[in-house]
Amino acid sequence: MTATRNPAAAEHAGSNGVPRSSGLLGDYDKGLFWPVLSIYTLIMIYALAAPEQTGAALSGIRDFLIFNFGWSFVLGVAATLIFSFYLLLSPFGGIRLGPDDSRPEFSYVAWISMIFSCGLGIGFVFFSVAEPLTHLYTSSHVQDLNQVGQQAGVSTAILDTLMDWGMNGWALFAVAAWAIAFPAYRLGQPLTVATGLYGLLGERCNSSLWGKLANGLGVIGTIGGNATMIGLGVTSISYALKVLFGLEFGAFGQAMVMLVIIIAYVASAATGIERGIKYLSLLNMVMAGAILLALLAFGHAPAQYLLNMITQQFGDYFGSVFVTQFWTDAGSFEQREWVGWWMIFYWLWYISYIPFCGGFIARISRGRTLREFVFGVVVVPMLLSIVWFSIWGGSAGYAEVNQIVPLWESVQGNPESGIYLLLQSMPGGWWLCLAVLFNIIVFAVTTSDSASFFSAMQVSNGNENPKILMRLLWGVIIGVTGIVFQLAGGFNAIKSLAIVVGAPFFLVSIAYMFSVYRMLKATHEQPATAMQPAPQARSIPADTAEPEAPSAATPATPATTSSNSPSATATPGTTATPTPHALPGSGNQPIPGAT
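In this text, all values refer to a predicted model and were calculated from it rather than measured experimentally.

What counts and how
- Residues numbered from 1 in each chain as written.
- Predicted model: local features only at pLDDT ≥ 70, side-chain atom pairs only at ≥ 80, totals over all residues.
- Heavy atoms only, no water.
- Helix = DSSP H or I, 4+ residues; strand = E, 2+ residues; numbered from the N terminus.
- Buried < 20%, exposed > 50% of the residue type's maximum accessible area, 1.4 Å probe, protein only.
- Contact = heavy atoms within 4.5 Å.
- Areas by Shrake-Rupley, 256 points an atom, 1.4 Å probe, with all protein chains shown as cover.
- Phe/Tyr/Trp six-rings, centres within 6.5 Å; stacked < 30°, edge-to-face > 60°.
- Lys NZ or Arg CZ within 6 Å of the ring centre and 35° of its normal.
- 1 Å grid on protein atoms, 1.4 Å probe; cavity = no way out; pocket = protein on both sides within 12 Å on 5 of 7 lines; lining within 4 Å.
- Points joined across faces, edges and corners; volume = space filled by probe spheres on them.
- Nonpolar A, V, L, I, M, F, W, Y, C, P; charged D, E, K, R; others polar.
- Core = buried A, V, L, I, M, F, W, Y, C linked by side-chain atoms within 4.5 Å.
- Salt bridge = Lys/Arg side-chain N within 4 Å of Asp/Glu carboxyl O.
- Axes fitted to C-alpha atoms, helices over the stretch in contact; angles between N-to-C directions.
- pLDDT = per-residue confidence, 0-100.

### Side note on the overall build of the protein chain
Here is step 1: Along the protein chain, the regular secondary structure elements total 20 helices and two strands.
Here is step 2: For the protein chain, the residues scored as buried account for 58% of the 595 residues in total.
Here is step 3: Counting only contacts in the protein chain whose residues sit at least 6 apart along the sequence, the fraction spanning at least 24 positions is 79%.
Here is step 4: Just so you have it, the protein chain exposes about 23,000 Å², and 64% of that area is on carbon and sulfur atoms.

Shown next, in the form of C-alpha cells:
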C-alpha cells in the first residue's frame, strides 16, 4: 500500500519513521532530543567542573580553525553571497513559498522587524560603539593606511564594521531559510534543518543519517550561537544597571538577570509569534529608530557629518563588498590576528546562527516570492546596518578623536561600556541609557523566544507550534549556557564557543545552495506539476489494494477521467499526454516507511 503526504507539518510528525514520544513536552523525536540533550549536559558538566580547561580547549580549537581553514570559510561565505544575488536576479524570482496563490502571513514591516530583532539585534546594540572604535585602533586596514586613531580612519573603521555585519551573514540565513521553507510550504515537509536538503536527498531528507546529523548540528549550533548573543546581552544589561542604579552584579547577580529574561520570555512565548514576538519586534525597531534620531539631534557629532558618513558608506560598502569579501591579509607573510578575530570569527558565528535564523525566517516567510524574500532578508537589513553603524560609529569616532569622551580607554576592558558612556555625555543621557537598556532587554527576550521556538520545533518533528514547555526548556538551556561559558572564560570563551559549534554546519550551508538550485530549477521547468502542494492524505483499508494510476499509454475515457486533470485526459482514439516528471516527493511519491 502507498500513502500520500499530508501537507500539514504538524500532521507529518513521525511519518518519516522516526521514534516518537509525547507527553508534557508534546510529540517529539526521541532519536534527536535525547542525544542532543545528553551531549549538552556532558559539555555543561565539564565546563562547570573545569572552567579553565574548558576555556583553553575552546580557544585551541578556535585558533586551529581560524588560522588553518579561514580561507575556506571566506570562499564559502563569498559563494553564498554571490548565489543570493543570482537568486535575486534569476528567472526564478516569481516563485512563491507555498501555493502560487498564497500571500504573506505578516505585513512587510512586521516581517522585517522580526527578522532583525530575533537574530542579531543584541549584537547590533552591544557592538555599536565598541567595534568601530576597536577597528579605528587595531584594524589591519586602518593600520595599512596609517590612519590609527585619526579622523580619516573613522570611515575606514565603520566600513570594516559593516563588512562584519553586512550582507554576508544575511545571505547565509536567506539561502538556508529558502531551502527549509520551500519544500515545507509546497510539499508539506516538516520545518526542520534537514528539510533544507530536500533538493539533494528527496524524501529521505529527514529520515537519513545525513538528515539526522544536520538536525542535531542545527540544535547544537543554535544553543552555542544564541548563548553567545544572550551572554552579551546579560553583560550589557548588568553594566547598564550599574550605571543607572549603582547595582553591582557578580556571577549570582548575572544569573538573576538571566532569570528575569527567562520570565519575560515565558510571557512572550505564551502569546505566540503572531502577537508576542511580532509586537515586541515592532516596538524595538521604533525605539532603536528613536535613539538614532536622538544621536543625530543631540549628539556630539554634527548631524551633517553623520549624514555625510551614511551617504559615503553606501558607496564605499557596495563599491567594495565583493573585493573586501575575499580579503585574507595575503599582503603579510604571516596572517595577522585581526582578520581571524573579526571577519572570520563573524563568518563562523553566522554559520552557527544559520539553523536558528534560517529556520525562524522560514517560519515567518510563507507566501513571499523569491525576489521579495531575498531582497527583504539580504538587502534591507544591510541598508539598515549602514544607517545604524554610520550614526553610532560616526558619533563614537568623533567623540574619541576630539577627546570629548575617553571611549577607547573604556571599551578595551569593557566593550559593553562604550554605548552607555557616549550616551551619558549627552543631554538627557540617563534617559537615553534607560532606553538602550530596555532595547537590549527586548532584544534578549525576542532572541530567546525565537531561538527556543526554533530548537523546540526541530526536536518536535518540525511542528510549527511546539509545546510551550518544550520551548521553555530550550530557552533555559540557551540562557544557562551563556552564563556558564561566561564564567568559564568570559567574553573570549563565549566567542570561542560560537566558533567551535558553528564550524561543523559549514558543510551543510554549502549543500543548501545545491539543494535550492535543484528545487527551483525543477519548479521553473515544470511549473504545472513540480514542487506543488501535495493532496490531502487518503485513508485506504489495509486489506484493499490501491488502484494503480492509468498508464500514460492507455487511452483515457471521459467516464474515468477527472475533468480537473487536463494532463490525464485525451480524445477517444488518441494517446493521453504523459505527466511531466516531477522531483521525487512532489506529491505522488510514497511516504518513507509506508508499504
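Following the structure, the description resumes.
### Things to note about the packing of aromatic side chains
Here is step 1: In total, this model carries 45 aromatic pairs according to the counting rule given.
Here is step 2: With a centroid separation of 5.9 Å and an interplanar angle of 45°, the aromatic rings of F127 and W165 are classed as tilted. Highlighted residues: F127 in helix α5 (residues 121-138) and W165 in helix α7 (residues 152-165), separated in sequence by 38 residues. Across the pair, W165 and F127 agree in class, each one buried.
Here is step 3: Residues W165 and Y350 carry aromatic rings whose centres are separated by 6.5 Å and whose planes lie at 75° to one another, so their mutual orientation is edge-to-face. In this pair, W165 sits in helix α7 while Y350 sits in helix α14 (residues 337-363), placing the two residues 185 residues apart along the sequence.
Here is step 4: Among the residues examined, W165 registers a relative accessible area of 0% and is labelled buried.
Here is step 5: Accessibility expressed as a relative area gives 1% for Y350, which makes it buried.
Here is step 6: For R368, the ring lying beneath its charged end belongs to W111, and the centroid distance is 4.3 Å.

### Describing empty space enclosed by the protein
Here is step 1: Within the structure shown, the criterion is met by five cavities of 30 Å³ or more.
Here is step 2: Of the voids in this model, the second largest cavity is the one considered here, and its volume is about 40 Å³.
Here is step 3: Lining the second largest cavity, in full, are T80, L172, V175, A176, I354, S509, Y512 and M513.
Here is step 4: Class assignment for the residues of the lining of the second largest cavity results in six nonpolar, two polar and no charged.

### What about the nonpolar core?
Here is step 1: Counting residues in each nonpolar core, the largest one holds 179 residues, and the members touching the most others are F173, W349, F373, W392, W474 and Y512.
Here is step 2: By residue number, the principal contributor to this core is α14, which donates 20 residues.
Here is step 3: Discounting chain neighbours no more than four positions away, the residues touching W392 are S128, V129, I291, L292, L295, I419, L422 and L423.

### Let's talk about the pattern of salt bridges
Here is step 1: Summed over the entire model, instances satisfying the criterion amount to nine salt bridges.
Here is step 2: A salt bridge links D29 to K212, with the nearest nitrogen and oxygen atoms 2.9 Å apart. Placement of D29 in strand β2 (residues 28-29) and of K212 in helix α10 (residues 209-245) is noted, with a sequence separation of 183 residues between them.
Here is step 3: When the shortest N-O distance is used, the salt bridge between D144 and R336 registers 3.1 Å. Pair noted here: D144 is in helix α6 (residues 140-144) and R336 is in the loop between α13 (303-324) and α14, with a separation of 192 residues, a long-range link.
Here is step 4: The exposure class assigned to R336 is partly exposed, which follows from its relative accessible area of 23%.
Here is step 5: One network of salt bridges, with partners in common, ties together D144, D329 and R336.

### A word on the environment of A456
Here is step 1: Relative to the elements of secondary structure, A456 occurs in helix α18 (residues 429-459).
Here is step 2: When the C-alpha atoms of A456 and L25 are compared, they prove to be 9.2 Å apart, with 431 residues separating the residues in sequence.
Here is step 3: Among all residues touching A456, those that are not within four sequence positions of it are P466, M470, R471 and W474.

### Structural notes on the side chain of H141
Here is step 1: Inspection of the secondary structure puts H141 in helix α6.
Here is step 2: In contact with H141, other than residues within four places in its own chain, are T156, D160, T324, W327 and W338.

### Some details on the packing of helix α2 (residues 30-49) against helix α3 (residues 51-89)
When two helices pack together, their arrangement is given by the angle between their axes and by how far apart the axes lie.
Here is step 1: As a packed pair, α2 and α3 sit with axes 5 Å apart at the nearest point and diverge in direction by 115°. Contacts from Y46, A47, L48 and A49 in α2 reach P51, Q53 and T54 in α3.
Here is step 2: Partitioning the contact of α2 with α3 into residue classes produces five nonpolar, two polar and no charged.

### So, unusual backbone geometry
Here is step 1: Unusually for a residue other than glycine, N146 sits at a positive phi of about 55°.
Here is step 2: Looking at the secondary structure, you find N146 in the loop between α6 and α7.
Here is step 3: Even without a glycine there, the phi angle at D329 is positive, about 65°.
Here is step 4: Of note, D329 is situated in the loop between α13 and α14.
Here is step 5: With a relative accessible area of 3%, D329 lands in the buried category.

### Quick notes on the confidence of the model for the protein chain
Here is step 1: Per-residue pLDDT for the protein chain averages 81, and the proportion of residues at 70 or more is 82%.
Here is step 2: Throughout residues 1-15 the model reports pLDDT below 50, and contacts reaching past four residues in sequence, or to other chains, amount to 54 contacts.
Here is step 3: Here residues 533-595 scores under 50 on pLDDT; set against residues more than four positions off or in separate chains, the count is 85 contacts.

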